[in-house]
Amino acid sequence: MKRTRLAATAAAAAVLAATAATTASADSPSPAATATATATATAHGTPGTGQVIPYPGPDGLIWIPEWIGDGGAVTGGANPAGLPVTVTLACLTTDAPAEARVTFTAQYGDPTPVTFTTPCLPGTTTTATTTVAPEQGRSFYVGVQTSTPDVHWGLTVTQPES
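Source: prediction; values computed, not measured.

Participant: What should I look at first to understand the sheet that holds strand E3 (residues 71–75) in this one?
Facilitator: Whether parallel or antiparallel, the strands of a sheet pair through hydrogen bonds between backbone atoms. Reading across from one edge, E3-E8-E5-E6 is the order of the four strands in this open sheet, with antiparallel pairing throughout. Only two strands of the sheet have a single partner each, and these edge strands are E3 and strand E6 (114–120). Within this sheet the neighbouring strands show an average axis-to-axis angle of 15 degrees, counted without direction. Bridge count for strand E5 (residues 98–106) against E6 is seven bridges, and the pairing is antiparallel. Among the inter-strand pairings, Ala 100 is bridged to a residue of E6, identified as Thr 118.

Pasting the structure below:
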């Protein structure tokens, strides 16, 4: 079931990221409202052609192999009674150092966004990870905001089944 969910989530993430690309903030509406609002916005990022972060395997809820610039994804796939959800971002730039800020906003449980920032270095992939309580992973939005438009990044959200 997880593989089917990952494929559907990846498709939804690609559609959302291709049509929108904004980052949720503490005063943003629910993830579903954010997805609807961003679907009408102008795209800030573009799909990459490579893979900045590897496929997460059967525990994956979201996998965005490569995106350039701002982007994000929405899902409703984690098990609220399961193990914690892990959010991992890998990034790099082609020119000068930059950074990528990840914002994980839950629709259920604690609505306080979980954020972390990753430095992105020229020619070197940098990875950062955070863990989110399982009840927050039930339905959520993950946004990535880059300090420059040339940041290449990849994102995974995983939750082991056991």
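Next comes the rest of the write-up.
Participant: Quick question: what am I supposed to make of the pairing of E5 here?
Facilitator: When a strand is regular, its side chains alternate between the sheet's two faces. Taken across its nine residues, E5 has seven buried, putting it largely inside the fold. In this structure, E5 lies alongside strand E8 (residues 140–146), joined through seven bridges in antiparallel fashion. In the strand pairing of E8, Ala 100 is matched with Thr 146.

Participant: Where do I start with the side chain of His 152 in this structure?
Facilitator: By the element assignment, His 152 lies in strand E9 (residues 152–158). His 152 sits in the buried class, given a relative accessible area of 17%. Filtering out sequence-adjacent residues up to four positions away, His 152 remains in contact with Val 52, Glu 66, Trp 67, Ile 68, Ala 90, Cys 91, Leu 92 and Thr 94.

Participant: Where do I start with the sheet that holds strand E2 (residues 60–68) in this structure?
Facilitator: Taken in spatial order, the five strands of this open sheet run E1-E2-E9-E4-E7, and their pairing is antiparallel. Edge positions in the sheet fall to strand E1 (46–47) and strand E7 (126–132), since each of these pairs with one other strand and no more. The sheet contact formed by strand E4 (residues 85–92) and E9 spans seven bridges and is antiparallel. Across the sheet, Ala 90 pairs through a bridge with Gly 154, a residue of E9.

Participant: Any chance you could explain the packing of aromatic side chains here in plain terms?
Facilitator: Under the criterion given, the structure shown has two aromatic pairs. Plain terms: the ring middles of Tyr 55 and Trp 63 are 5.2 Å apart, the flat faces sit at 75 degrees to each other, and that makes the pair edge-to-face. Between Phe 104 and Phe 140, the aromatic rings sit 4.6 Å apart at their centres with planes inclined by 25 degrees, giving stacked as the arrangement. With Phe 104 in strand E5 and Phe 140 in strand E8, this pair connects stretches of sequence that are 36 residues apart. Side by side, Phe 104 and Phe 140 carry an identical accessibility label, which is buried.

Thresholds, definitions, all that
Residues numbered from 1 in each chain as written. Predicted model: local features only at pLDDT ≥ 70, side-chain atom pairs only at ≥ 80, totals over all residues. Heavy atoms only, no water. Pairing = 2+ DSSP bridges. Helix = DSSP H or I, 4+ residues; strand = E, 2+ residues; numbered from the N terminus. Axes fitted to C-alpha atoms, helices over the stretch in contact; angles between N-to-C directions. Buried < 20%, exposed > 50% of the residue type's maximum accessible area, 1.4 Å probe, protein only. Contact = heavy atoms within 4.5 Å. Phe/Tyr/Trp six-rings, centres within 6.5 Å; stacked < 30°, edge-to-face > 60°.

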